[in-house]
Protein chains: 2
Amino acid sequence: MRIVYVNGDYLPETEAKVSIFDRGFLMADGVYEVTSVLGGKLIDFDGHAVRLERSLRELDMKMPMAKDALLEVHRELVRLNGIDEGMIYLQITRGAPGDRDFVFPDPETTAPTVVLFTQNKPGLADSPAAKKGMRVISIEDIRWGRRDIKTVQLLYPSMGKMMAKKAGADDAWMVQDGFVTEGTSNNAYIVKGNKIITRALSNDILHGITRAAVLRFAREAQMEVEERNFTLDEAKAADEAFITSASTFVMPVVEIDGVSLGDGTPGRVAPRLREIYLEESRKAAV
Amino acid sequence: MRIVYVNGDYLPETEAKVSIFDRGFLMADGVYEVTSVLGGKLIDFDGHAVRLERSLRELDMKMPMAKDALLEVHRELVRLNGIDEGMIYLQITRGAPGDRDFVFPDPETTAPTVVLFTQNKPGLADSPAAKKGMRVISIEDIRWGRRDIKTVQLLYPSMGKMMAKKAGADDAWMVQDGFVTEGTSNNAYIVKGNKIITRALSNDILHGITRAAVLRFAREAQMEVEERNFTLDEAKAADEAFITSASTFVMPVVEIDGVSLGDGTPGRVAPRLREIYLEESRKAAV
């Protein structure tokens, strides 16, 4: 049975519970991170820790423990659950003040809730989906205005994934004012004439840790990168497209709203970036 | 100690827990209702039950029990906790499928999570705040696009309440494209020349149960009601203003962004509507 972490304790998953008064449960007052594990080591841990601290700060919360201590909890969970390839999920909420109130509880008397668990995914790096590519549909982006904060307000992304599933696709790209923002749990890119185009960072999208690394690797490999808004029509006319996220790394997109990109196969840029990303990330894993 | 309800059990509040894999905790995949109690009886229970069913339906979820059974749970909690005046909070989530996945779990194998608890508020009806009136600030409305579904995605309303508190005010009114949408947990109204003006129902605002009742009572009392968008400037120039919600009933607003309305006291319409609402609601309570 999986061992998870809840507020200092390592517990069997069936015993892992939080109070019904936890603000994560009652009002989505919490943030999260997902860190991938390859070869039993953590990918981009520093990037996730830095973003976590930023998300917390934006919500007037503090890191519940030092980065080193957080790293140790991650490593202990990898060890206890024998994870070679998979993910570690981390969630921090404003805690359980004992009653429901829109006003934030005093952090001196209400401790944050800290939950971590592993998701074992053998074959994560050598994914068949990466060779085949994904099909996406477009949906309107109706999420709140602070998507740069990685909160647990994931209902609409979850609904978007279901809309994609019902349409026989793998995921949804969200569109606002005619421009693609991002996927339901990933950043979105198109490639046109060897140029990689992706939306610039703002409050409209998640500041992807994998995005930052992939763009750095792309530039180091002398690929041209343009950070700007792109329309859905531009995406459908692109040579290729792809997504990035901590758990999918780089994943080609071969179809948007039923329109095949290029010859309908993953193309050249996305598979190459996936290769570079996996190679470099494994080297830097901790 | 308060007795709460969790998935069929009546438990002391300290033992009331949900799995860390509950989708309410991990992705805000849940809806809620708050029903007031006056004289030990439930106010507008039917309205809340109907809206609950609608919220669930919009998220492809079903009522976890018949309305009568739900009423019995509410009544049992009132009895067990000796509530004369207060609220009953109800939350339903898509349950705990045992792992985290954006795809909805199969409802045949994953039962919804049903949580109810009381909040004892002696003096709820005879509130001193209602005699004094509230001061509100305005903030931008950056919530998601389906505010008609009463989901637990309450982080921004909670942040809004904190912004109000920091500004020395009681609550915040949210503004979108120049027009007031609603308060952080209530519907917003202004009164100009004896006309009651409030935003019409749409996906932009909560379909308040108290709102529906108050507008009905107002029309029955031959008051003029206009359902349309109003600007923040129009609100600041209004004769009076007020909010409605299940837990505040009708509450006068005497100041918006530091601007006093009328003579800075509750005015005539809001106190009268509060009186009518409380009287009629007590009569119809179950």
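Structural data are supplied above this passage.
Every value quoted in this text rests on a predicted model; they were computed, and no experiment measured them.

1. What about the interface of chain B and chain A?
So, step 1. Tallying the contact residues gives 57 residues for chain B and 57 residues for chain A.
So, step 2. Summed over both sides, the interface between chain B and chain A buries roughly 4,700 Å², with carbon and sulfur atoms accounting for 68% of that surface.
So, step 3. Looking only at chain B, the three residues that lose the most surface to chain A are Phe25, Phe102 and Leu155 of chain B, adding up to 17% of its buried area.
So, step 4. The interface formed by chain B and chain A contains 4 salt bridges.
So, step 5. Contributing elements (two or more residues each) for the side of chain B that touches chain A: β1 (3-6), β3 (17-19), α1 (23-27), β4 (30-38), β6 (86-93), β7 (113-120) and α5 (155-166) of chain B.

2. A word on the packing of aromatic side chains
Residue and element names in this part refer to chain A.
So, step 1. Evaluation of the coordinates by the stated rule reveals 18 aromatic pairs over all chains.
So, step 2. When the ring of Tyr5 is compared with that of Tyr10, the centres are 5.3 Å apart and the planes differ by 70°; the resulting orientation is edge-to-face.
So, step 3. Here Tyr10 falls in the partly exposed class, since its relative accessible area comes to 33%.
So, step 4. Taking 6.2 Å as the distance between ring centres and 65° as the angle between the ring planes, the aromatic pair formed by Trp173 and Phe230 counts as edge-to-face. With Trp173 in strand β9 (residues 171-176) and Phe230 in the loop between β13 (224-227) and α7 (232-236), this residue pair connects regions lying 57 residues apart in the sequence. Here Trp173 matches Phe230 in class, with each residue buried.

3. A look at the sheet that holds β6 of chain B
Picture the strands of a sheet paired through backbone hydrogen bonds; they go either parallel or antiparallel.
Residues and elements named next belong to chain B.
So, step 1. If you trace the 6 strands from one edge of the open sheet to the other, you get β2-β1-β7-β6-β4-β5, paired in antiparallel fashion. Each edge of the open sheet carries a strand with a single partner, namely β2 (9-12) and β5 (41-42).
So, step 2. Relative to β7, β1 is paired through 2 bridges, and the arrangement is antiparallel. Directly across from Val6, in β7, lies its bridge partner Val115.
So, step 3. Those strands touched by helix α3 (residues 67-80) are β1, β2, β4, β5, β6 and β7, and its axis lies near 35° from that of β7.

4. Quick notes on the pairing of strand β14 (residues 240-245) of chain B
Residue and element names in this part refer to chain B.
So, step 1. Counting buried positions over the 6 residues of β14 gives 6, a clear majority of the element.
So, step 2. Side-chain alternation along β14 places Glu240, Phe242 and Thr244 on one buried face and Ala241, Ile243 and Ser245 on a second face that is also buried.
So, step 3. In terms of strand pairing, strand β11 (residues 187-192) meets β14 through 5 bridges, oriented antiparallel. Bridge pairing in β14 links Ala188 to Ile243.
So, step 4. Relative to strand β15 (residues 249-256), β14 runs antiparallel, the two sharing 5 bridges.

5. Details of the relation of the copies chain B and chain A
So, step 1. Of the transformation superimposing chain B on chain A, the axial component is 0.0 Å and the angular component is 180°, with the fit at an RMSD of 0.0 Å. What we have between these two chains is a two-fold relation.
So, step 2. Take the interface residues of chain B: 100% of them recur as interface residues in chain A, which is what a same-surface contact looks like.

6. What about the sheet that holds strand β1 (residues 3-6) of chain A?
Residue and element names in this part refer to chain A.
So, step 1. Read from one edge of the open sheet, 6 strands run β2-β1-β7-β6-β4-β5, paired in antiparallel fashion. Bordering the open sheet on either side are β2 (9-12) and β5 (41-42), each of which pairs with just one other strand.
So, step 2. Sitting on the sheet, helix α3 (residues 67-80) is in contact with β1, β2, β4 (30-38), β5, β6 (86-93) and β7 (113-120), with an inclination near 35° to β7.

7. Concerning helix α6 (residues 209-220) of chain B
Residues lying three or four places apart along an α-helix face the same way, a consequence of the helix completing one turn every 3.6 residues.
So, step 1. The end-to-end C-alpha separation of α6 of chain B is 17 Å, in line with the 16 Å expected for 12 residues at 1.5 Å each.
So, step 2. In the segment just after α6 of chain B, Gln222 of chain B is the residue with positive phi, at about 65°.

Procedures and definitions
Residues numbered from 1 in each chain as written. Chains lettered and ligands numbered in written order. Predicted model: local features only at pLDDT ≥ 70, side-chain atom pairs only at ≥ 80, totals over all residues. Heavy atoms only, no water. Contact = heavy atoms within 4.5 Å. Buried area = accessible area lost by both parts, 1.4 Å probe. Salt bridge = Lys/Arg side-chain N within 4 Å of Asp/Glu carboxyl O. Helix = DSSP H or I, 4+ residues; strand = E, 2+ residues; numbered from the N terminus. Phe/Tyr/Trp six-rings, centres within 6.5 Å; stacked < 30°, edge-to-face > 60°. Buried < 20%, exposed > 50% of the residue type's maximum accessible area, 1.4 Å probe, protein only. Pairing = 2+ DSSP bridges. Axes fitted to C-alpha atoms, helices over the stretch in contact; angles between N-to-C directions. Least-squares fit on C-alpha atoms with pLDDT ≥ 70 in both. Expected span 1.5 Å × (residues − 1).

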